Amino acid sequence: MKIALTSIAVNDPIEAFKFYTEILGFAERMYIPEARLAIVVSPEEPTGTGLLLEPNDNPISATYQQAIREAGLPAIVFGVEDVQKEYERLKGRGVVFTQEPTRSD
């Protein structure tokens, strides 16, 4: 068994879709803006797990999103070969980070 689709609550699925595809480099799996539906996938695994960018316009999602942010916990973790290199690439594309990468030797 494998995970086919998971979701993350976002303020605006259309803006999130642009961010995930144009800035982070994800590929489009499904995009229906009039339905506020966006699913992206890693270009490294185009048939792998899809990420549904789901609107947080319900009390449960909004409360969860706020609690995760206030606790400083990640809602999702992405894997890369070289964290520092990816950090610099994304920072150069305008991504704002809450902190720089650190080593945990």
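This structure is a prediction, so every number in the text was calculated from the model and none was measured.

1. Quick word on the pairing of strand β2 (residues 27-32)
The pairing of β2 with strand β3 (residues 37-41) spans five bridges and is antiparallel. Following the sheet pairing, Y31 is matched in β3 by A38. Taking the residues that link successive antiparallel strands as the turn, the β2-β3 hairpin has four residues, and the phi of R36 there is positive, at about 55°.

2. With respect to the packing of aromatic side chains
Any aromatic ring pair is given by two values, namely how distant the centres are and how the planes are angled relative to each other. If you walk through the whole model with that rule in mind, you get six aromatic pairs. Arranged with centres 3.8 Å apart and planes meeting at 5°, the rings of F17 and Y31 form a pair that is stacked. Of this pair, F17 sits in helix α1 (residues 13-23) while Y31 sits in strand β2; the two residues are 14 residues apart in sequence, bridging distant segments of the chain. With a relative accessible area of 8%, F17 lands in the buried category. Taken together, a centroid distance of 6.4 Å and an interplanar angle of 65° make the contact between Y20 and F78 edge-to-face. Here Y20 is found in helix α1, whereas its partner F78 is found in the loop between α2 (59-71) and α3 (83-92), with 58 residues between them in sequence. Exposure remark for Y20: the relative accessible area of 8% places this residue in the buried category. Each member of the aromatic cluster is reached from another via a ring pair, and the members are F19, Y20, F26 and F78.

3. Focus on the pattern of salt bridges
This structure, assessed with the given rule, holds three salt bridges. For E86, the salt bridge identified is with R89, shortest N-O distance 2.7 Å. Note that E86 and R89 are positioned in helix α3 at a spacing of three residues, about one turn of the helix. You can call E86 partly exposed: its relative accessible area is 23%. Residue classification places R89 among the partly exposed positions, given a relative accessible area of 31%.

4. Quick look at the environment of E88
Mapped onto the elements, E88 comes out in helix α3. On a C-alpha basis, the gap between E88 and P101 in space is 10.0 Å, while along the polypeptide they are 13 residues apart.

Cut-offs used in this document
Residues numbered from 1 in each chain as written. Predicted model: local features only at pLDDT ≥ 70, side-chain atom pairs only at ≥ 80, totals over all residues. Heavy atoms only, no water. Pairing = 2+ DSSP bridges. Helix = DSSP H or I, 4+ residues; strand = E, 2+ residues; numbered from the N terminus. Phe/Tyr/Trp six-rings, centres within 6.5 Å; stacked < 30°, edge-to-face > 60°. Buried < 20%, exposed > 50% of the residue type's maximum accessible area, 1.4 Å probe, protein only. Salt bridge = Lys/Arg side-chain N within 4 Å of Asp/Glu carboxyl O.

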